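# Chain and residue survey
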Amino acid sequence: MDGAQPMTVLVIGANGFLGSHVTRQLVEAGQDVRVMVRSGASTIGIDDLTVTRFVGDIWDNDVLREAMTGCQDVYYCVVDTRGYLIDPAPLYLTNVEGTRNVLNVAEAVHRENPMRRFVFTSSYATVGRRRGHTANEADVITDEGSITPYVRTRVMAERMVLASSLPAVAMCVSTTYGAGDWGRTPHGAIIAGAAFGKLPFVLDRIELEAVGVDDAARAMILAAEHGRPGERYLISEKMISNAEVVRIAAEAAGVPAPTKRLPLPVAYAMGALGTAKARLRGTDERLTLNAVRLMRAESLVDCSKARRELGWQPNPVEDSIRAAARFWVGLRAAKRARSTDQKSG
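Below is a summary of the structure that appears in this document.

Rules used throughout
- Residues numbered from 1 in each chain as written.
- Predicted model: local features only at pLDDT ≥ 70, side-chain atom pairs only at ≥ 80, totals over all residues.
- Heavy atoms only, no water.
- Axes fitted to C-alpha atoms, helices over the stretch in contact; angles between N-to-C directions.
- Helix = DSSP H or I, 4+ residues; strand = E, 2+ residues; numbered from the N terminus.
- Parallel < 35°, antiparallel > 145°, perpendicular 65-115°, else oblique.
- Contact = heavy atoms within 4.5 Å.
- Nonpolar A, V, L, I, M, F, W, Y, C, P; charged D, E, K, R; others polar.
- Pairing = 2+ DSSP bridges.
- Buried < 20%, exposed > 50% of the residue type's maximum accessible area, 1.4 Å probe, protein only.

A few words on the packing of helix α3 (residues 89–112) against helix α4 (residues 149–163). In the contact formed by α3 and α4, the axes pass within 8 Å of each other and the chain directions differ by 5 degrees. Judged on the interaxial angle alone, α4 and α3 are roughly parallel. Each of Leu91, Tyr92, Asn95, Val96, Thr99, Arg100 and Leu103 in α3 lies in contact with α4, whose residues at this interface are Pro149, Tyr150, Arg152, Thr153, Arg154, Met156, Ala157, Met160 and Val161. The class makeup of the residues in the contact of α3 with α4 is 10 nonpolar, 3 polar and 3 charged.

Listed below in structure tokens is the structure:
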């Protein structure tokens, strides 16, 4: 830290995939790190770190107030990413109402103990994208009827944050890959399936903007230092196809990549069946029409603003995909070793 005094910072949702990586980098930088996690949540991603823990959820105002008071920076890494839900009520509860509650507490704390920055984890899905156009932070979504309920909740939350009285920045993060995905995110599950040789096919004509989770975490921390309040920053390294992600992961794990491709019309048909099944049975299916639409709503994004203003320089996302595959292979090997030890003991 070059002799600088450590700053007191708070990571809300520190047990999540991105939150745990933000926490780790802050600890490694020598900051005085506080974390807020839900009671009973798995914290394996941060259990080896020296942090001050506050246990509570985004509705525990007393805990929120205590955790935030005295912090220079607050990183908000809480989001319900289940875009496949048939009933979007949980998405609105966490992503919109939960964010509103945290903002109310943060604004009250900020009035008495001013923060330097409130860094909000948003999504690149909140940027207005259309095919044939490279989108940037100035592009806004104008036709809200065309977006899924999940994206709508992310847009609503981002707008609330940037309209607040806080010195806030919104980080529009793309699909993240990397090691330490203990909660097995949906994109992490694809890496795991490829690494274990269990993917029967890959989805054709599916491309995603992607970034390494370590690079996304670094962007969050740079935003606290250099980000301009009221601004949003697109965080992505490149557009990459689902087939290429699977190929890289399989190669890193030393297994053959699936050769069969599922045509896009078939994916939509399966999504329609999944949606019908979910509605008839009252269950949540992973492959629904909303899920397919999320995967297809792609266009290139321009992340030069983050590079220019934050000094952000991401590594190739391919490296993070390989790291993710090795993480899953190592995790399986460790589990098998423990099982063998238990049987022999």
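So, next bit.
The next point concerns the sheet that holds strand β4 (residues 73–76). Pairing is parallel in the open sheet, where 7 strands are placed in the order β3-β2-β1-β4-β5-β6-β10. The open sheet has two free edges, formed respectively by β3 (52–55) and β10 (232–235), since each of these has just one partner strand. Neighbour-to-neighbour, the strand axes of this sheet turn through a mean angle of 20 degrees, independent of strand direction. Pairing analysis gives 5 bridges linking strand β1 (residues 8–12) to strand β2 (residues 32–37), with the strands arranged parallel. Its bridge partner lying in β2, Val9 is registered against Val33. Sheet strands touched by helix α2 (residues 61–68): β1, β2, β3 and β4. Its angle to β2, the strand with the most contacts, is close to 170 degrees.

Once that is clear, we can look at the environment of Gly128. Relative to the elements of secondary structure, Gly128 occurs in the loop between β5 (117–123) and α4. Assessed through its relative accessible area of 11%, Gly128 is described here as buried.

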